[in-house]
Amino acid sequence: MAEANQLNSASAWLNQREPRSMGLGRSHLFTAVEAGLDPLVLVFSLWALAFYFEGSVRPAYLILSLIVFSLTFPGSSQLRLPVWKVMAKIAFHWVWIAGLLLLTGYVTEYFHKFSMTVLGHWLWVAPAAQAGAHIALRAAAPQLLKLQGQPSGAVIVGMNEQGVSLARHIAGSAYSGIELQGFFDDRGEDRRTASDGQDENRLIGKIDDLPAYVKRHRIQFIYLSLPMASRPRILQVLDGLKDTTASIYFVPDMFITDLIQGRSDTVCGVTVISVCDTPFRGVNGVLKRASDVVLSLLILLLISPILLVIALMVKLDSPGPVIFKQRRYGLDGEEILVYKFRSMAVTEDGGTIRQASKNDMRVTKLGAILRKTSLDELPQFVNVLQGRMSIVGPRPHAVAHNEMYRSLIKGYMVRHKVRPGITGWAQVNGQRGETDTLDKMQSRIDCDLDYLRNWSLQLDFFIIFKTIRLVFKDSAAY
């Protein structure tokens with residue numbers, strides 16, 4: 001769908017994290033270099049400036065260097081991105097890190113430990129040095145590849161959709177260090193996935209021919225793209241490859257299930273693969289919550305006069321409470337109370353709730369303006385501070401609507417693996433307003449699940465900025 005395509009294109013350059021490269025030949029060298037590139041450049045640029053202006057690197061700078069290194073290590077792989085996207089990511093990350101450091105220094109009053117001349121120059125020297133380092137790495141990458149000798153040979157077992165997709169990604173990666181020889185598959189041509197006629201996607205032979213071919217051509221990487229249901233066949237293939245030194249990897253069969261934050265983990269020493277999980281585990285959870293608290297506090301301070309004016313206008317406009325409290329489903333499907341400025345003459349929160357529609361008689365004159373501009377949602381920043389909501393996430397639906405749609409839409413309740421948001425990916429992609437058909441609600445849920453699959457802190461900021469733009473021209477709200 002169009003919204004999913006937009007999300008893929010947005011998150012492709014917004015997402016700072018890339019998955020670990022399993023069996024991607026010599027790319028591990030570039031992964032290692034890029035992991036340390038940004039942290040070391042930031043640290044060494046600070047040391048250089050301190051030595052230049054003060055003649056030495058005092059302990060205060062060493063402590064600051066340790067903090068900076070901890071915040072930025074490991075750096076992300078960016079060789080496959082266009083140069084302008086790399087520059088944009090460097091600028092975004094540096095504004096975020098520098099802002100955090102400056103705020104911390106101001107609050108703790110540790111600014112007096114540093115030279116303002118050194119810090120002032122570091123604010124522009126550091127990102128400039130990062131940009132130069134990435135450009136230099138790109139220029140040196142072809143020579144680094146040549147120094148490491150011939151590329152590693154690889155084959156894919158199973159000419160199906162995920163196997164061909166892997167082949168396309170390998171062919172399009174200039175720094176993978178892999179030379180894909182082709183496919184092994186037992187099926188007839190009518191059952192194999194088309195390979196776009198690329199030479200590297202050619203069919204080499206039957207699966208029984210695989211062990212001999214691997215030994216004869218010294219293949220280093222084998223990717224098994226067989227359906228997981230074919231367990232006996234997989235065991236047979238693995239048994240035949242025991243006499244080789246090739247590294248073997250499974251390509252997940254995406255037809256089994258639609259993975260949400262799929263990744264490997266261990267439980268009491270046993271390796272498991274997550275099928276459906278929250279993106280906010282560990283550090284990600286801390287980052288998400290910290291950004292919510294900091295931003296909501298800042299926003300509430302800035303809009304407090306507006307909140308008072310709106311509250312007074314609501315009170316004078318029609319009888320009833322200023323704040324409308326409605327039961328919604330929150331994290332893990334637990335009921336929460338969500339705050340809004342009352343925009344209707346009624347305050348419905350029962351077992352059956354009718355969504356607001358165009359020219360709805362229940363909406364007050366002031367309420368129509370509040371809903372059109374999303375000003376009725378402002379009290380929800382208090383919900384964010386309470387820990388009930390997040391600034392960005394799937395929009396919470398009334399409990400009555402949840403109970404209805406959870407039985408009609410597959411995966412509906414997965415959206416509750418995270419805190420609901422004041423705004424979300426669905427809302428900035430035209431899925432705001434009345435969902436008077438099942439297809440409209442399905443489109444909204446599809447967007448919510450895409451957000452869970454592709455979450456990053458940068459994507460959250462992207463959605464926030466897009467929400468601000470839409471406030472002034474959203475025709476779907478009423």
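Residues numbered from 1 in each chain as written. Predicted model: local features only at pLDDT ≥ 70, side-chain atom pairs only at ≥ 80, totals over all residues. Heavy atoms only, no water.

**Re the pattern of salt bridges**
Operational definition: We define a salt bridge as a side-chain nitrogen of Lys or Arg found within 4 Å of a carboxyl oxygen belonging to Asp or Glu. Helix and strand assignments come from DSSP, with helices taken as H or I runs of at least 4 residues and strands as E runs of at least 2, each series counted from the N terminus. Burial here depends on accessible area, computed with a 1.4 Å probe over protein chains only, as a share of the maximum for the residue type. Under 20% is buried, over 50% is exposed, and the range in between is partly exposed.
This model, assessed by the stated rule, comprises 8 salt bridges. Of the charged contacts in the structure, one is a salt bridge between Lys 340 and Glu 377, with a shortest N-O distance of 3.9 Å. A residue pair is termed long-range when its members are at least 10 positions apart, and Lys 340 in strand β9 (residues 335-341) and Glu 377 in the loop between α10 (365-373) and α11 (380-386) qualify at 37 residues. A relative accessible area of 11% means that Glu 377 is categorised as buried. Measuring nitrogen to oxygen at the nearest pair gives 2.6 Å for the salt bridge that ties Arg 453 to Asp 450. A residue pair is termed a helical-turn pair when its members lie 3 or 4 positions apart in one helix, as Arg 453 and Asp 450 do in helix α13 (residues 438-454) at 3 residues. Given a relative accessible area of 11%, Asp 450 falls into the buried group. The network of salt bridges with shared partners includes Lys 340, Asp 376, Glu 377 and Arg 395.

**Points about the environment of Val 251**
Which entries qualify depends on this criterion: Two residues qualify as a contact provided that any one of their heavy atoms is within 4.5 Å of a heavy atom in the partner residue.
Position of Val 251 relative to the elements: it lies in the loop between β5 (247-250) and β6 (264-267). In this structure, the C-alpha to C-alpha distance between Val 251 and Gly 163, residues 88 residues apart in sequence, is 7.2 Å. Not counting the four nearest positions on each side in its chain, Val 251 is found in contact with Gln 162, Leu 166, Tyr 223, Leu 224 and Ser 225.

**Comments concerning the pairing of β9**
In plain terms, the rule: Note on pairing: two strands pair once DSSP finds at least 2 bridges between them.
Burial within β9 is extensive, with 5 of its 7 residues counted as buried. As judged from the 7 bridges shared by strand β8 (residues 323-329) and β9, these two strands associate in the antiparallel manner. Looking at the pairing, Lys 325 lines up with Tyr 339 of β9. Where β8 folds back on β9, the antiparallel hairpin that results is connected by 5 residues, among which Asp 332 adopts a positive phi of roughly 60 degrees.

**Overview of α13**
Just so we agree on the cut-off: Expected span of a helix: the number of residues minus one, times 1.5 Å.
Taking 1.5 Å of rise per residue, 17 residues should cover 24 Å, and α13 covers 24 Å from first to last C-alpha, within 8% of that figure. Residues of α13 that are buried: Met 441, Arg 444, Ile 445, Cys 447, Asp 448, Leu 449, Asp 450, Tyr 451, Leu 452 and Asn 454.

**Focus on a nonpolar patch on the surface**
The cut-off we apply is this: Patches were defined on residues exceeding 30% relative accessible area and lacking a salt bridge, with like-charge contacts within 9 Å and nonpolar side-chain contacts (Val, Leu, Ile, Met, Phe, Trp, Tyr) within 5 Å. Method for areas: the Shrake-Rupley scheme with a 1.4 Å probe, in which residue coverage is limited to the protein chains shown.
A cluster of nonpolar residues, Leu 40, Phe 44, Trp 47 and Leu 62, forms a patch on the protein surface that exposes about 360 Å² of accessible area. Ranked by residue count, the leading element in the nonpolar patch is helix α2 (residues 27-54), at 3 residues. Overall, Trp 47 belongs to the partly exposed group, its relative accessible area being 31%.

**With respect to empty space enclosed by the protein**
What counts, and what does not: Think of a 1 Å grid over just the protein atoms. A cavity is a set of points where a 1.4 Å probe fits yet cannot get out, a pocket is an open set with protein on both sides within 12 Å along at least five of seven lines, and lining residues have an atom within 4 Å of a point. Grid points are joined across faces, edges and corners, and a volume is the space filled by probe spheres set on the points. As a working rule, the residues Ala, Val, Leu, Ile, Met, Phe, Trp, Tyr, Cys and Pro are called nonpolar, Asp, Glu, Lys and Arg charged, and the rest polar, with Gly in that last group.
Tallied over the full model, the rule gives 2 cavities of 30 Å³ or more. Considering only enclosed or pocket space, the largest cavity measures out at about 60 Å³ in volume. Lys 288, Ser 291, Asp 292, Leu 295, Ile 391, Val 392, Leu 457, Asp 460, Phe 461 and Ile 464 together form the lining of the largest cavity. Each residue belonging to the lining of the largest cavity can be placed in one class, and the counts come to 6 nonpolar, 1 polar and 3 charged.

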